[in-house]
Amino acid sequence: RGVFSFLSTKKDRAPRETQRLWQRPWLRTAGLGAGLVLTAFLLWSSLGADDGVAEVLARRGEVLVGRFIEVPCSEDYDSHRRFEGCTPRKCGRGVTDAVITREEAERIRSIAEKGLSLGGSDGGASILDLHSGALSVGKHFVNLYRYFGDKIQSVFSEEDFQLYREVRRKVQLTIAEAFGISAASLHLTKPTFFSRINSTEARTAHDEYWHAHVDKVTYGSFDYTSLLYLSDYLEDFGGGRFVFMEEGANKTVEPRAGRVSFFTSGSENLHRVEKVHWGTRYAITIAFSCNPDHGIRDPAFP
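Here's a quick rundown of the structure. The structure displayed is predicted, hence computed values, not measured ones. (Residues numbered from 1 in each chain as written. Predicted model: local features only at pLDDT ≥ 70, side-chain atom pairs only at ≥ 80, totals over all residues. Heavy atoms only, no water.)

Looking now at the packing of helix α2 (residues 102–116) against helix α5 (residues 158–179). Orientation of α2 relative to α5, taken along the N-to-C sense of each, is 125 degrees, at an axis distance of 10 Å. Of the possible angle classes, the one that applies to α2 and α5 is oblique. In the packing of α2 onto α5, the handedness of the crossing is left-handed. Residues Glu104, Arg107, Ile108, Ile111 and Lys114 of α2 form the contact with α5, whose participating residues are Asp160, Leu163, Tyr164, Val167 and Lys170. Counted by class, the contact of α2 with α5 contains five nonpolar, no polar and five charged residues. (Axes fitted to C-alpha atoms, helices over the stretch in contact; angles between N-to-C directions. Helix = DSSP H or I, 4+ residues; strand = E, 2+ residues; numbered from the N terminus. Parallel < 35°, antiparallel > 145°, perpendicular 65-115°, else oblique. Left-handed = near helix turned anticlockwise from the far one by under 90°. Contact = heavy atoms within 4.5 Å. Nonpolar A, V, L, I, M, F, W, Y, C, P; charged D, E, K, R; others polar.)

This part takes up the state of the cysteines. Counting across every chain of the model gives two disulfides. Residue Cys86 pairs covalently with Cys290 via a disulfide, S to S 2.1 Å. In this structure, the disulfide formed by Cys86 and Cys290 twists by about -80 degrees around the S-S bond and is classed as left-handed. Of this pair, Cys86 sits in the loop between β3 (67–71) and β4 (91–96) while Cys290 sits in the segment after β17 (281–289), placing them 204 residues apart in sequence. For Cys290, a relative accessible area of 2% puts it in the buried group. When the bonded cysteines of the protein chain are counted from the start of the sequence, the pairing works out to 1-3, 2-4. (Disulfide = S-S within 2.5 Å. Buried < 20%, exposed > 50% of the residue type's maximum accessible area, 1.4 Å probe, protein only.)

Here you go:
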């Protein structure tokens, strides 16, 4: 038996109506005072929550062995070549804290920190892709292997790349188990990358990470998407939660170092990331395709 428990979604939200009484001066004063308190509360709340967020799928303080919600598959997969035993017929989203340890998360975060220390975006979102070599530098991207040459060998180690491969393998096995498919049918695909997000104002479209999107539409090769979080919500950063968009009841995942969030990549899992208000959010996106033609190799120490 797998470690993922099924949850039902709750969509009933009873609206509440309030009445205001302004007939007497003391009531007006009390009302104004209450209004100021409410305004302050809403302002405070806005620092940690965006409009439309209704339910938390995974809280930072929870340690989840496995949590899974099955949702109906979209038709996005019909316009792509199907691979029996891999192309999603069971769709959903899952979260687990039992696959990657916090110590492993700390070690792999150091890989991101070392690589991104070589560059970084002028805006709030920086990317490091060890497969293609893409690295944010200012308003552009460079190939870090070509741009920095032999210097890379003094930045990374063979152990860094071994850890990266081991983490990818664990995530791949987790997805295969949750969706009842063979791990061998999943092919690592591009882009798979580290992200570092802070509150710096966006300078280019690449910095605008907060827009809702569908991975299968944005990247046709994606069939299964995963994120490994490398920092803690409300400890390392504020805002920056992952939001599954659903009519009337969005679901959020609060990042926790070592937490793996994964889901089928079609429109059934429309999602976005809240803007980061303070601090720095680190994560790695690891994507898989059922089409071997879209597969990429693990990065190797140069």
